[in-house]
Amino acid sequence: MKTLEKILLSLGLMSGCDSRLEDTAYEDVNLVVIPQNPKDNDNIVAYVDNTDKIFDFYWVRDSITYKIETGQKSVLNAAFTEPGDEWQVYVFTPSSAGYDSYELGNTSFYIN
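Quick look at the structure, then. (Residues numbered from 1 in each chain as written. Predicted model: local features only at pLDDT ≥ 70, side-chain atom pairs only at ≥ 80, totals over all residues. Heavy atoms only, no water.)

**Observations concerning the packing of aromatic side chains**
Thought 1: Applying the stated rule across the entire model yields four aromatic pairs.
Thought 2: Between phenylalanine 55 and phenylalanine 57, the ring centres sit 6.4 Å apart and the planes meet at 70°, which makes this aromatic pair edge-to-face.
Thought 3: When the ring of tyrosine 58 is compared with that of phenylalanine 92, the centres are 5.1 Å apart and the planes differ by 70°; the resulting orientation is edge-to-face. One end of the pair, tyrosine 58, is in strand S3 (residues 55-61); the other, phenylalanine 92, is in strand S6 (residues 86-92), and 34 residues separate them in sequence. (Phe/Tyr/Trp six-rings, centres within 6.5 Å; stacked < 30°, edge-to-face > 60°. Helix = DSSP H or I, 4+ residues; strand = E, 2+ residues; numbered from the N terminus.)

This is the structure:
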């Protein structure tokens, strides 16, 4: 975000503007899930490759969000999974008082 945009936002002069202002700090993220072919006894880890930034992670099965976690990575415990489950993990910019969170990427996988 540019300095002028930060100043205008802090003064409340950009209240009608899109909250997804340009943020080059989050360009070209690569969401990684390991293991790649998880079994029902595997803990599953999601993280964004090549960064130490903080993100919001959402784990979803059958259109129900089971876990929301903020950090550099997120772990879905094997106790939540069963063979045949299809899971999605979404990564968002972290929400804050000044900005809305927005999706950076997602991926889906099946439990073997």
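**Looking at the side chain of aspartate 85**
Thought 1: For aspartate 85, the location among the structural elements is in the loop between strand S5 (73-76) and S6.
Thought 2: With relative accessibility at 12%, the residue aspartate 85 sits in the buried group.
Thought 3: Residues within four places of aspartate 85 in sequence aside, it is in contact with Arg61, Phe80, Phe109, Tyr110 and Ile111. (Buried < 20%, exposed > 50% of the residue type's maximum accessible area, 1.4 Å probe, protein only. Contact = heavy atoms within 4.5 Å.)

**Here we look at the sheet that holds strand S7 (residues 103-110)**
Thought 1: Within the open sheet, the four strands sit side by side as S4-S3-S6-S7. Their pairing is antiparallel. For this open sheet the edge positions go to strand S4 (64-71) and S7, each flanked by a neighbour on one side alone. For this sheet, the mean inter-axis angle between neighbouring strands, taken without regard to orientation, is 15°.
Thought 2: Direction of pairing for S3 relative to S6: antiparallel, over a ladder of six bridges. By the bridge assignment, tyrosine 58 is partnered in S6 with tyrosine 90. (Pairing = 2+ DSSP bridges. Axes fitted to C-alpha atoms, helices over the stretch in contact; angles between N-to-C directions.)

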